[in-house]
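What follows is each chain in one-letter form.
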Amino acid sequence: RWIGRRIALTTPLPHGANLATGYQNGGAQLTFFAIDRDGELQAVTESPDGHWQIESPTQRLANGFGLPPGAPLATGYPGGGGSASGLTVFTVDVNGRLCAFRRERGGWDAQVLPGGGLYSPAALATGYQNAGRQLLVFVVDADGRLRQYAQEQDGTWSVGIVPNGVGLPPGAAVATGY
């Protein structure tokens, strides 16, 4: 049975804001992500007592990120290890860069993945290859090409154009299947 609860965010989400979800802490805590009206990433995590804890990962980071309010997001687990390997959320910033945010032991960490030139805001999708051990992120760039970002075993990222993935509308919606 579903119980509706209002979650009071300091800065509201824009109408039609995109959400992404995933589990943290070994699958024990559901988290949803959205970008609020001020362009700040919001992480809302279910606590063991059924309440919601709200934090803004981008406000805790030293370097600022210009995120489009309500922009599309995607989540994935590096190494394909499920919730035990740490949930990562991806979005494209206002400068056309693919950004990744991940909770670490000391707080939130962020990185800008290689290869700018993305359309902002852009839809994204995540998937896996190599028997689920390699995290992939897909996004259509500003030139209408489908890009694939692949996380390597050492944690670095490579980027390439998917064969025949050209002629698409910049930032077009993409989906993956398993």
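Everything below is about the structure printed above this text.
Rules used throughout
- Residues numbered from 1 in each chain as written.
- Predicted model: local features only at pLDDT ≥ 70, side-chain atom pairs only at ≥ 80, totals over all residues.
- Heavy atoms only, no water.
- Pairing = 2+ DSSP bridges.
- Helix = DSSP H or I, 4+ residues; strand = E, 2+ residues; numbered from the N terminus.
- Salt bridge = Lys/Arg side-chain N within 4 Å of Asp/Glu carboxyl O.
- Buried < 20%, exposed > 50% of the residue type's maximum accessible area, 1.4 Å probe, protein only.
- Core = buried A, V, L, I, M, F, W, Y, C linked by side-chain atoms within 4.5 Å.
- Contact = heavy atoms within 4.5 Å.
- Phe/Tyr/Trp six-rings, centres within 6.5 Å; stacked < 30°, edge-to-face > 60°.

1. Looking at the pairing of strand S4 (residues 52-55)
Bridge count for strand S3 (residues 41-46) against S4 is four bridges, and the pairing is antiparallel. Note on S4: the bridge partner recorded for Val44 is Ile54.

2. Observations concerning the pattern of salt bridges
Taken as a whole and assessed by the stated rule, the structure comprises five salt bridges. Across the salt bridge formed by Asp141 and Arg147, the nearest N and O atoms sit 3.1 Å from each other. With a shortest N-O distance of 3.6 Å, Asp143 and Arg145 are connected by a salt bridge. Overall, Arg145 belongs to the partly exposed group, its relative accessible area being 28%. Connected through salt bridges with shared partners, the residues Asp141, Asp143, Arg145 and Arg147 form a single ionic network.

3. Section: the nonpolar core
Burial of nonpolar side chains together is a common tendency in soluble globular proteins. In terms of nonpolar packing, the biggest core is built from 16 residues, with Phe33, Leu41, Leu73 and Phe101 touching the most fellow members. Elements supplying a minimum of two residues to this core: strand S2 (29-35), S3 and strand S7 (98-104). For Leu41, the residues in contact, after removing those within four places along its chain, are Phe33, Ala34, Ile35, Glu55, Ser56, Pro57, Thr58, Leu67, Leu73, Val89 and Phe101.

4. Focus on the packing of aromatic side chains
Counting across every chain of the model gives four aromatic pairs. Relative to Trp52, the ring of Phe32 has its centre 6.1 Å away and its plane inclined at 65 degrees; by these criteria the two rings are edge-to-face. One end of the pair, Phe32, is in strand S2; the other, Trp52, is in strand S4, with 20 residues separating them in the sequence. Judged by its relative accessible area of 17%, Phe32 falls in the buried class. For Trp52, a relative accessible area of 28% puts it in the partly exposed group. Taking the centre distance of 6.2 Å and the plane angle of 90 degrees together, the rings of Phe33 and Trp108 count as edge-to-face. Separated by 75 residues along the polypeptide, Phe33 in strand S2 and Trp108 in strand S8 (residues 107-112) bring together distant segments of the chain.

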